Amino acid sequence: MPVSWQPPFEPSRASQAHSFARESTIHRWPTIVTGIIDQLNKLNNRVHVTHDEVAEGKRLIEQLAKLVYEMRHDRALAPLQVTGNRTTYPDDLDQYNDEIEHAETSGSRLTWFSASWLFAECYLYRRIRCLFEQLKHFQSFDPFAQQKIDTFRSSKDGIMALARTMKQLIDKGRPTDKDVLHADWVAMIEVCLWGNVERGKEFFLHNDINTTWNHVKTFSAERFDIVLDNSGFELFSDLVFADWLVTLSPFASQVVFHPKLIPWFVSDVQPHDFKLTLEVLADSTFFGDDEPASESDKMALKEMVTRWQKYVDEGKFKLAVPVDLKMGEGGGELADFWTSPWPFTEMGNRAPQLLKELQKSSLVIFKGDLNYRKLTSDAWWPTTTSFDEAIGPLRGLFPILSLRTCKADVCVGLEPGKAEELDEKEPKWRVNGKYAVVSFCPAA
Ligand code: F6P
Ligand code: MG
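Residues numbered from 1 in each chain as written. Chains lettered and ligands numbered in written order. Predicted model: local features only at pLDDT ≥ 70, side-chain atom pairs only at ≥ 80, totals over all residues. Heavy atoms only, no water.

**Side note on the coordination of the magnesium ion (ligand 2)**
Then, in step 1: Distances from the magnesium ion (ligand 2) to its protein donors, namely D229 (OD), N230 (OD1) and D268 (OD), fall within the range 2.1 to 2.2 Å.
Then, in step 2: Mapped onto the sequence, the residues coordinating the magnesium ion (ligand 2) show the spacing D-N-x37-D. You can see N230 sitting in the loop between β2 (222-227) and α9 (233-248) and its partner D268 sitting in the loop between β3 (252-258) and α10 (271-281), a full 38 residues away along the chain. (Donors = N, O, S within 2.8 Å, 3.2 Å for Na, K, Ca; no water. Helix = DSSP H or I, 4+ residues; strand = E, 2+ residues; numbered from the N terminus.)

**Examining the pattern of salt bridges**
Then, in step 1: Counting across every chain of the model gives 32 salt bridges.
Then, in step 2: With a closest N to O distance of 3.7 Å, E314 and K310 form a salt bridge. Pair noted here: E314 and K310 are both in helix α11 (residues 295-314), with a separation of four residues, about one helical turn.
Then, in step 3: We classify E314 as partly exposed; its relative accessible area is 43%.
Then, in step 4: Overall, the relative accessible area of 43% leaves K310 in the partly exposed class.
Then, in step 5: Between K316 and E314 there is a salt bridge, with the nearest N and O atoms lying 3.6 Å from each other.
Then, in step 6: A residue is classified by how much of its surface remains accessible, and K316, at 31% relative accessible area, is partly exposed.
Then, in step 7: What emerges from the salt-bridge pattern is a single network uniting D92, R126, R129 and E133. (Salt bridge = Lys/Arg side-chain N within 4 Å of Asp/Glu carboxyl O. Buried < 20%, exposed > 50% of the residue type's maximum accessible area, 1.4 Å probe, protein only.)

**Looking at the packing of α10 against α11**
Then, in step 1: The contact between α10 and α11 brings their axes to 9 Å, and the two run at 145 degrees. When you trace α10 past α11, the crossing you get is left-handed. Contacts between α10 and α11 involve F274, L278 and L281 on the former and, on the latter, L301, V305, W308, Q309 and V312.
Then, in step 2: For the contact of α10 with α11, the per-class residue count stands at seven nonpolar, one polar and no charged. (Axes fitted to C-alpha atoms, helices over the stretch in contact; angles between N-to-C directions. Left-handed = near helix turned anticlockwise from the far one by under 90°. Contact = heavy atoms within 4.5 Å. Nonpolar A, V, L, I, M, F, W, Y, C, P; charged D, E, K, R; others polar.)

**Some details on the pairing of β3**
Then, in step 1: For β3, the tally of buried residues reaches five of seven residues, placing the bulk of the element in the interior.
Then, in step 2: Relative to β3, β2 is paired through six bridges, and the arrangement is parallel. Residue pairing for β3: V227 is matched across the bridge by H258.
Then, in step 3: Bridge analysis of β3 against strand β4 (residues 317-319) gives three bridges, and the strand direction is parallel. When the sheet's bridge partners are listed, V256 is paired in β4 with K318. (Pairing = 2+ DSSP bridges.)

**Details of the nonpolar core**
Then, in step 1: Ranked by size, the top nonpolar core spans 102 residues in total, and within it W185, F224, F236 and W244 carry the most contacts.
Then, in step 2: The element best represented in this core is α9, accounting for eleven residues.
Then, in step 3: What W185 contacts, discounting residues up to four positions off in sequence, is I209, T212, W213, V216, F224, F241, W244, L245 and L363.
Then, in step 4: I36, Y96, L110 and L135 belong to the second largest nonpolar core, which has 46 residues in total. (Core = buried A, V, L, I, M, F, W, Y, C linked by side-chain atoms within 4.5 Å.)

**Description of the packing of aromatic side chains**
Then, in step 1: Under the definition given, this model contains 36 aromatic pairs.
Then, in step 2: Considering the side-chain rings of W5 and W381, the 6.4 Å spacing of their centres and the 20 degrees angle between planes classify their relative orientation as stacked. Note that W5 is positioned in the segment before α1 (20-44) and W381 in the loop between α15 (368-375) and α16 (387-390), a separation of 376 residues in sequence.
Then, in step 3: The exposure class assigned to W5 is partly exposed, which follows from its relative accessible area of 25%.
Then, in step 4: Relative accessible area serves as the criterion here: at 4%, W381 is assigned to the buried category.
Then, in step 5: For the ring pair W185 and F241, a centre distance of 5.8 Å and an interplane angle of 55 degrees mean the geometry is tilted. Residue W185 is located in helix α7 (residues 178-194), and its partner F241 is located in helix α9; the two are separated by 56 residues in the primary sequence. (Phe/Tyr/Trp six-rings, centres within 6.5 Å; stacked < 30°, edge-to-face > 60°.)

**Some points on a negative patch on the surface**
Then, in step 1: A cluster of acidic residues, D91, D94, D98 and E101, forms a negative patch at the surface.
Then, in step 2: Judged by relative accessible area, which is 42%, D98 ranks as partly exposed. (Patch = residues over 30% accessible without salt bridge, like charges linked within 9 Å, V, L, I, M, F, W, Y side chains within 5 Å. Areas by Shrake-Rupley, 256 points an atom, 1.4 Å probe, with all protein chains shown as cover. Lys, Arg positive; Asp, Glu negative; His and termini not counted. Charge placed at Lys NZ, Arg CZ, Asp CG, Glu CD.)

**Details of empty space enclosed by the protein**
Then, in step 1: For the structure on display, the rule yields two cavities of 30 Å³ or more.
Then, in step 2: Considered as a void within the structure, the largest cavity measures approximately 50 Å³ in volume.
Then, in step 3: The wall of the largest cavity is formed by A145, K148, I149, F152, S231, G232, D273, L276 and T277.
Then, in step 4: Broken down by element, the residue count for the lining of the largest cavity peaks at four residues, all from helix α5 (residues 145-153).
Then, in step 5: Looking at the lining of the largest cavity, its residues break down into four nonpolar, three polar and two charged.
Then, in step 6: By volume, the second largest cavity is sized at about 40 Å³. (1 Å grid on protein atoms, 1.4 Å probe; cavity = no way out; pocket = protein on both sides within 12 Å on 5 of 7 lines; lining within 4 Å. Points joined across faces, edges and corners; volume = space filled by probe spheres on them.)

**So, the site of ligand 1**
Then, in step 1: Around ligand 1, a shell composed of F20, R28, W117, E121, D229, N230, G368, D369, L370, R373 and K407 is seen.
Then, in step 2: Taking L370, its main chain carries an N or O atom lying 2.8 Å from an oxygen atom of ligand 1.
Then, in step 3: Between R373 and ligand 1, the recorded distance is 2.6 Å, taken from a side-chain N or O atom to an oxygen atom.
Then, in step 4: Protein coverage of the free-state accessible area of ligand 1, which is 400 Å², stands at 93%.
Then, in step 5: For the shell around ligand 1, the secondary structure elements donating two or more residues are α1, α4 (117-133) and α15.
Then, in step 6: Tallying contributions element by element places α15 first for the shell around ligand 1, with four residues. (Near = heavy atom within 4 Å. Polar contact = N/O pair within 3.5 Å; in protein donor to acceptor, adjacent residues only side chain to side chain.)

Shown next, in the form of structure tokens:
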């Protein structure tokens, strides 16, 4: 089934000279895959490793090296291999393979450079998963797990600072003054957007925080959804925002979190990351003994994480799939759509159950760059296009708030002349993560 709605502009492709798509296909992806190979080499050199594990490790290394070769030499995207162990994702491989076959039969064979950047990049992570899922010892191995947890550990200061802030807010009690709530709303969205960096107004290229406030300010005990992006400090700040919504604001009684079910774009949250985040935050030894946190900070963090665990137990914080779901176990349409190669404009056609589910929400918050690319079809829209226009048939289906720091070429919602000014002043503005767009589109 071809993509049913097409934007009037080309999608990003690596074949486009000077595009970030090309840069990431040539440099970033091979580096990521080579990083996995290095990790497997280390695993194979451990003392206690069985013959069987070494053999599987070697096989993976060969297949990953082949993948790097294919991508560097702009080979055709090979159909994904359906394996004997494939008990889950009943048709997600078919979605990739049908698209590859459809292009082949219509005379435009998909290669690493000619396919859309979005399709090729999703294919890359799905293909890596295919290699792992067919093996006995590596079936539920997340090649990015160590990296995710190490980066989280290194964010101790930011974590303690937010735990302190939440404690101070909670000690003051639920605010009733609308101006205080409004200021807190803005502060929380900014934490969720920037993580532990602070940036001034000039770094917002489009800012709908106040427009969204007008949508939210009359809410009472509603459901919010967060389509998650990265693990580590980003997930932590999402949880802080959710905590503020449920504990301190009158607006929400439940926050539903949507993770990915396979290792995805390196850092994206999977159910095991969500679970581990709560576990390590409750473990006083996690941050080690170097520069130990003060007793009051430790207490603030403990109180906060105990509350989060209680919210998970009560369903106020709800992962969209069971929190104990193992990698390789099915999550169904509600979860698998997030790791399909499709722009979100395809949701109504390809994941109608997910669409129905999101329509129960009073605000669906999409985090990060990839979600933004999928919302806007990752196309070369003129930068003055409105967000409403760029999301095509998704417009008005449910209330959407996108929080995105810019890490790819697509960007909409800018004032006339802004892109040209930035091209002049800071040529990497589209991709260097220093700028952001906060975009809101209400339900019709
Ligand atoms: O560095 C490029 C990239 O992989 C983009 O393809 C992708 O959009 C982004 O990084 C991932 O960023 P985020 O985690 O914010 O979605
Ligand atoms: Mg990500």
